[in-house]
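Survey of secondary and tertiary structure
What follows is each chain in one-letter form.
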Amino acid sequence: MRHGHMAVEEGVGMKWHVMIMLWPYFLEFRSRVFLAMGCLLLAKVASISIPFLLKDIVDTLDAVNQNPKALIVVPIGLVLAYGAVRFINVLLNEFRDTLFGRVTERTIRRISLKTFQHLHRLDLDFHLDRKTGGLSRDLERGTTGINFLMRFMVFNIVPTLVEVLLVVGLLFYNYGIVFALITLVSVICYVAYSITATEWRTRFLREVNEADSATHSRAVDSLLNYETVKYFTNEDYEAERYDSELAVWEKAKRKNRLTLFALNSGQAMIIAIAMTSMLALAAQGVANNEMTIGDFVLINAFMMQLFIPLNFLGFVYREIKGSLANIEKMFDLLARKPKISDTDASITLQLQQGRIEFDNVSFHYQEQRPILTNVSFTVEPGTKVAVVGESGSGKSTLVKLLFRFYDTIEGKVTIDGIDIRSVTQHSLRQAIGIVPQDTVLFNNSILENVRYGRPTANDEQVMNAIRMAHLDQFIQDLPKGVDTVVGERGLKLSGGEKQRVAIARAILKAPPILVFDEATSSLDSKSEQAILRAMQEVTEGYTSLVIAHRLSTIVDADNIVVLHRGQVVEQGNHATLLEKDGVYAKLWSIQQQEATILEAER
Ligand SMILES: Nc1ncnc2c1ncn2[C@@H]1O[C@H](COP(=O)(O)OP(=O)(O)O)[C@@H](O)[C@H]1O
Ligand SMILES: [Mg+2]
């Protein structure tokens, strides 16, 4: 492509390799593509013959004019042929679009699905860093890009160039070198100008796109935080921030529009000059009796036919370029390697007993800030191990490591002695059930949200899990019962209700290992006791890891790990830890006092 300073500066040329990436998707519908090409070719033949028919009609009419006694049948036949060819031309183009549409849609479907699956494969960090609004916009642009590219690359650019060559050849054959040269030179000027001007405009278009994404992200983020906005009465502040993004977008749009004006007027000028000189020459020819009026009409028709598709060239070139860039962005997303991924050597975790061991584990999210340092503890099969510690001490991080959302920096996590890095993520996560600290629900009914724990479960099994999680009482009070829709991210439920949905999910999943991350933190003591009993029934004989902030819930644990600033400071059961009179004993006495105060207030 062009190597002007702009292209170099932007570092973006035409991304032809994207076409190659799309190629395999074409092959799925080989015969359709082939047929569509056939339609295209026939349509071109029809459209090239139209000016010739027109010329014949005009010349015949002219002859009739000069000799009124001549038969009128001939022009009528030609006129009918003219109409028929026009109709066939349009029809063939419609056939082509219909045939090829299927290929485009299937390609979009395949690639969208692939991207979606890949997004789920990418690591947690990627998603935490991403703005969902912007990401969905990228996806949308990618698919629109494919649609555009398929329609215009195949059916606009290539055929138009072929047509130009044909017309130039025909003009040369019929009217000599001058006409052919004017056409060729003007088309070359036109194309060169369009491409140069479009390259120059790309920068402004990108500004528009960036402003568009930023505006969209801002709006989504603000609306997701609806409640927070209200709590702090920051509607005006939000509106101002949104409007400042909109202002950037507006300015970018204006620049974009002005440059479009420059592009279009330049193109129009080249066309006008070419048309005028061709028609002047033709008029001269007619005046000199070297050409017929029919020739004049034919040349005019050819020029019109040629420049109408070229008129879109700037637009099409830019859009194709944009499309290629957008599709590439999507392919980039697809090519992005997840930080955590299975290898060919990954084995399926086959749980024997379910013995979990954190072996000298150190971890940080960012280099500068260690979160866990040399953490070691074991959860023996069938036992309940609790992890306690103040907020921010790294308890939930332990869970994320166990689920392998992140890999340890040092040390290893093993299950039944097998390093979890050597098993497939699917089999690892399948073996563990979790009631997370913050449960986010799908905007669906309670029934379906619980069923998410095991999508194949039948209604009865789901209802059973609901009962075991003590959700049934709450559901009885709801007018719509289990069919109540929970609102976006489950915001229509209270914290405790959400936790119970999460518990029901875990019960339904019934994995050999259970993890509770402050699973009862949003419950009052009475519900907590009820659920603890339920949990005890469920976890009977299971291996469980319980992260607790209320120590009363874990007094029965077989082992209690006390975490302080990412380090294990004490370990043992309730009685031994109290005897030790260390961190745990201190925490315990504080919480006991609180409990007495609460009791007294009641
Ligand atoms: N994705 C992340 N990136 C950077 N820091 C994080 C991330 N997740 C958690 N942290 C930090 O790690 C520390 C431990 O978090 P966490 O394990 O959730 O603590 P808790 O013991 O309360 O469950 C916190 O200080 C938190 O700010
Ligand atoms: Mg936590």
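How each quantity is defined
Residues numbered from 1 in each chain as written. Chains lettered and ligands numbered in written order. Predicted model: local features only at pLDDT ≥ 70, side-chain atom pairs only at ≥ 80, totals over all residues. Domains from an automatic or database assignment. Contact = placed C-beta atoms within 7 Å. Nonpolar A, V, L, I, M, F, W, Y, C, P; charged D, E, K, R; others polar. Near = placed C-beta within 6 Å. Helix = DSSP H or I, 4+ residues; strand = E, 2+ residues; numbered from the N terminus. Core = buried A, V, L, I, M, F, W, Y, C linked by C-beta atoms within 7 Å. Buried ≥ 20, exposed ≤ 12 C-beta atoms within 10 Å, placed from the backbone. Axes fitted to C-alpha atoms, helices over the stretch in contact; angles between N-to-C directions. Parallel < 35°, antiparallel > 145°, perpendicular 65-115°, else oblique. Left-handed = near helix turned anticlockwise from the far one by under 90°.

What follows deals with the domain arrangement of the protein chain. One can read the domain layout of the protein chain as domain 1 (5-335), domain 2 (349-431 + 518-526 + 543-602) and domain 3 (438-510). Summarising the inter-unit geometry, the C-alpha centres of domain 2 and domain 3 are found 26 Å apart. Across the boundary between the two partners, domain 2 contributes four residues, which contact four residues of domain 3. Residue composition of the side of domain 2 that touches domain 3, by class: two nonpolar, two polar and no charged.

Near ligand 1 you find Leu128, Tyr365, Ile371, Gly389, Ser391, Gly392, Ser393, Gly394, Lys395, Ser396 and Thr397, and these make up its full shell. Among the elements that line the shell around ligand 1, the one with the most residues is helix α12 (residues 395-402), at three residues. Here the shell around ligand 1 is composed, by residue class, of three nonpolar, seven polar and one charged.

Among soluble globular proteins, nonpolar side chains are generally buried collectively. Counting 64 residues, the largest nonpolar core has Ala386, Ile503, Ala504 and Ile560 as its most contacted members. Residue contributions to this core reach at least three from each of two domains, namely domain 2 (349-431 + 518-526 + 543-602) and domain 3 (438-510). Residues in contact with Ile503, not counting those within four places in the same chain, are Val435, Ala469, Ala519 and Ile531. Within the second largest apolar cluster, 29 residues are counted, among which are Ala274, Leu306, Leu310 and Tyr317.

Let's shift gears to the packing of helix α7 (residues 177-224) against helix α11 (residues 313-335). Packed helix pairs are specified by the crossing angle of their axes together with the interaxial distance, meaning the distance between the axes. Following both chains from N to C, one finds α7 and α11 inclined at 45°, their axes separated by 9 Å at the closest point. With respect to their mutual orientation, α7 and α11 come out oblique. α7 and α11 meet at a crossing whose hand is right-handed. Here α7 contributes Val191, Ser194, Ile195, Ala197, Thr198, Arg201, Thr202 and Leu205 to the contact with α11, which in turn contributes Leu313, Gly314, Tyr317, Arg318, Lys321 and Gly322. Counted by class, the contact of α7 with α11 contains six nonpolar, five polar and three charged residues.

Within the element layout of this structure, Arg121 appears in helix α4 (residues 73-121). For the pair Arg121 and Leu491, spaced 370 residues apart in sequence, the C-alpha to C-alpha distance is 26 Å.

At Asn289, a position not held by glycine, the phi torsion is positive, near 65°. Its place among the elements puts Asn289 in the loop between α9 (235-287) and α10 (293-311). A tally of 7 C-beta atoms within 10 Å means that Asn289 is categorised as exposed. Here the phi dihedral of Arg404 falls at roughly 60°; this positive angle occurs in a residue that is not glycine. Its place among the elements puts Arg404 in the loop between α12 and β4 (410-415).

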